[in-house]
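Here is what each chain is made of, one letter per residue.
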Amino acid sequence: VMFLALPGMIAALAYGVLRGGAAAVEGMGRFVAAAIAAHLLVGVGLFAAIALAARLPIAAFLRECRPALLLAVTTTSSAAALPKAIEGMERFGVPRSTLGLVMPLGLSFNLAG
């Protein structure tokens with residue numbers, strides 16, 4: 001089944017494009033653009049609004065997050081980045097008692113999808 005997955009997906013995509021023509025590709029392109037715009041708006045916009053409301057020093061926060069984010073991206077594992085993230089947030093000034101609950105809980109919810 002796995003050997004046929006890629007050719008099957010390509011065939012299904014080709015069938016959709018050939019049957020729907022340029023309108024099918026245009027519609028899918030608009031959907032992808034809208035999804036990316038929504039992710040940026042909610043992700044970046046919500047973070048910026050909360051950071052501004054809480055008077056969070058954004059540059060210092062991002063500086064402390066950088067090592068954990070780099071580790072998470074390079075290992076493709078948020079669990080591997082948890083210790084670095086906790087260290088960074090401690091340096092940023094978040095109490096250890098808060099981090100001990102919030103960070104592992106957030107990781108568990110992330111892993112659960």
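Enquirer: Which residues make up the overall build of the chain, and what values do they have?
Expert: Regarding its fold elements, the chain presents five helices and zero strands. Going from N to C terminus, the chain has its helices and strands arranged as α-α-α-α-α. For 113 residues, the compact-globule estimate of 2.2 N^0.38 gives 13 Å, and the C-alpha radius of gyration of the chain, at 21 Å, exceeds that figure by more than 25%. Seen through its principal axes, the chain has C-alpha atoms that stretch 60 × 35 × 20 Å. Taking all 113 residues of the chain together, 12% fall into the buried category. Within the chain, contacts between residues separated by at least 24 positions form 39% of all contacts whose residues are at least 6 apart in sequence.

Enquirer: Mind laying out the environment of N110, listing which residues take part and the relevant values?
Expert: If you trace the backbone, N110 turns up in helix α5 (residues 96-112). Among the residues examined, N110 registers a relative accessible area of 48% and is labelled partly exposed. Spatially, the C-alpha atom of N110 lies 9.7 Å from that of A79, the residues being 31 residues apart in sequence.

Cut-offs applied
Throughout this description, residue numbers start from 1 for each chain and increase along the sequence as written. For this predicted model, a pLDDT threshold of at least 70 governs which residues receive local features, and a threshold of 80 or more governs which side-chain atom pairs are given and counted, while totals over whole chains, interfaces and linings are taken from all residues. Excluded from the side-chain calculation are hydrogens and water; included are all heavy atoms of the structure. A helix here means a DSSP run of H or I that spans at least four residues, while a strand means a run of E at least two residues long, and both kinds are numbered starting from the N terminus. What the globule rule says is 2.2 Å times the number of residues to the power 0.38, and the radius of gyration is computed from C-alpha atoms. Exposure categories follow from relative accessible area, calculated using a 1.4 Å probe and restricted to protein chains: below 20% of the type maximum is buried, above 50% is exposed, and the middle band is partly exposed. By the convention used here, residues are in contact when the closest approach between their heavy atoms is within 4.5 Å.

Worth remembering: the numbers are spatial, not functional.
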